[in-house]
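# Notes for the structure review
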Amino acid sequence: LGDSLLVVSAGRDSVLRITDKGYVKAWDLPGIEAMWRESKDSLWAGSGSKLYHITERNIQQWPLPKQLSASNTVQSIAVDKSGKVWVSITRAGLYQFDDGVWTHVSTEIMGLDAIPIILQQVASGRLLLGFTNNRIGELVNGVVRQIPTEAASSVGNVVSFVEINGRLLAGGE
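Here the structure is a predicted model, which is why all the values come from computation and not from measurement. (Residues numbered from 1 in each chain as written. Predicted model: local features only at pLDDT ≥ 70, side-chain atom pairs only at ≥ 80, totals over all residues. Heavy atoms only, no water.)

The subject of this paragraph is the side chain of Glu163. By the secondary structure assignment, Glu163 is in strand S16 (residues 158–164). Given a relative accessible area of 13%, Glu163 falls into the buried group. A polar atom in the side chain of Glu163 sits 2.7 Å from the backbone nitrogen of Ser124. Apart from residues lying up to four places away in sequence, Glu163 is in contact with Val122, Ala123, Ser124, Arg126 and Leu168. (Helix = DSSP H or I, 4+ residues; strand = E, 2+ residues; numbered from the N terminus. Buried < 20%, exposed > 50% of the residue type's maximum accessible area, 1.4 Å probe, protein only. Polar contact = N/O pair within 3.5 Å; in protein donor to acceptor, adjacent residues only side chain to side chain. Contact = heavy atoms within 4.5 Å.)

To find the voids left in a structure, one rolls a probe of water-molecule size over its atoms. The volume enclosed by the largest pocket comes to roughly 220 Å³. Along the walls of the largest pocket sit 13 residues, with Asp80, Lys81, Leu139, Val140 and Asn141 positioned nearest its centre. Looking at the lining of the largest pocket, the element that brings in the most residues is strand S14 (residues 136–140), giving 3 residues. (1 Å grid on protein atoms, 1.4 Å probe; cavity = no way out; pocket = protein on both sides within 12 Å on 5 of 7 lines; lining within 4 Å. Points joined across faces, edges and corners; volume = space filled by probe spheres on them.)

Attention shifts here to the packing of aromatic side chains. The final tally for this structure, using the stated rule, is 5 aromatic pairs. Here Trp44 and Trp62 contribute two aromatic rings whose centre-to-centre distance is 5.9 Å and whose plane-to-plane angle is 20°, an arrangement assigned as stacked. Here Trp62 lies in strand S7 (residues 59–63) and Trp44 lies in strand S5 (residues 42–46), a separation of 18 residues in the sequence. Here Trp44 and Trp62 have matching classes, each one buried. Each ring, one from Trp44 and one from Phe97, has its centre 6.5 Å from the other, and the planes form 70°; the classification is edge-to-face. Of the two residues, Trp44 sits in strand S5 while Phe97 sits in strand S10 (residues 93–98), which places them 53 residues apart along the sequence. There is no split in this pair, since Trp44 and Phe97 are both buried. (Phe/Tyr/Trp six-rings, centres within 6.5 Å; stacked < 30°, edge-to-face > 60°.)

Below, the discussion takes up the nonpolar core. In this structure, Trp44, Leu51, Ile77, Val85, Ile89 and Trp102 are the most contacted members of the largest nonpolar core, which totals 29 residues. Elements with a contribution of two residues or more to this core: strand S4 (34–39), strand S8 (74–79), strand S9 (85–89), S10, strand S11 (101–105) and strand S13 (127–130). Judged by nonpolar contacts, the second largest core, of 10 residues, contains Leu1, Val15, Leu29 and Leu43. (Core = buried A, V, L, I, M, F, W, Y, C linked by side-chain atoms within 4.5 Å.)

Within the open sheet, the 4 strands sit side by side as S8-S9-S10-S11. Their pairing is antiparallel. The open sheet has two edge strands with one neighbour each: S8 and S11. Each strand of the sheet is rotated relative to its neighbour by a mean of 25°, with strand direction disregarded. Relative to S9, S8 runs antiparallel, the two being bridged by 5 bridges. Within S9, the residue paired with Val74 across the bridge is Ile89. (Pairing = 2+ DSSP bridges. Axes fitted to C-alpha atoms, helices over the stretch in contact; angles between N-to-C directions.)

Attention now moves to the confidence of the model for the protein. For the protein, the mean per-residue pLDDT works out to 91, and 98% of the residues sit at or above 70. Looking across the protein, the model is least confident in strand S3 (residues 24–27), with a mean pLDDT of 81, and most confident in S9, with 97. (pLDDT = per-residue confidence, 0-100.)

The next thing to look at is the side chain of Ser4. Checked against the element boundaries, Ser4 lands in the segment before strand S1 (5–7). Polar side-chain contacts of Ser4 include one of 2.6 Å to the backbone oxygen of Leu1. Discounting residues that sit within four places of it in the chain, Ser4 has contacts with Arg17, Ile18 and Thr19.

Across all of its chains, the model carries 4 salt bridges by this definition. For Asp20, the salt bridge is made with Lys21, and the minimal N-O distance between the two is 3.9 Å. Here Lys21 falls in the exposed class, since its relative accessible area comes to 75%. A salt bridge links Arg126 to Glu138; the shortest N-O distance between them is 3.0 Å. (Salt bridge = Lys/Arg side-chain N within 4 Å of Asp/Glu carboxyl O.)

Structure (structure tokens):
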């Protein structure tokens, strides 16, 4: 956030903010499992019960969708180029979050158990989704589309993306 580093570790009930001068501040944000840096001054974070938007001015928070159980947790967050917030929640699926309202987004085009492991916006602005078993999706106008991956049959669970000179590289297990 800004020029500082935010650190979270498993089992810790706070987020540490470390500035370039070594100053450390702790925020009481329990169980953070995922973070997304939208911009220099905007960070999104998620836990098993809440979604947070952290800025220099404040920390806003919203509960996760009501129908979820305690075993569901935010596993990935991304903000697309239009400013929409997308959240993958374990064992629950993909959601779009807009001003306090959660909307479930179908991923059935991706096959069985299609819950994104990772959401990531790449250099071109495309918002990509990584799934288990070599599956890659892309969000286009709020709809998940499958990207053919025949040439990438040994990636396994897709956990990272990078786009170089218009070519997409996917990393996995």
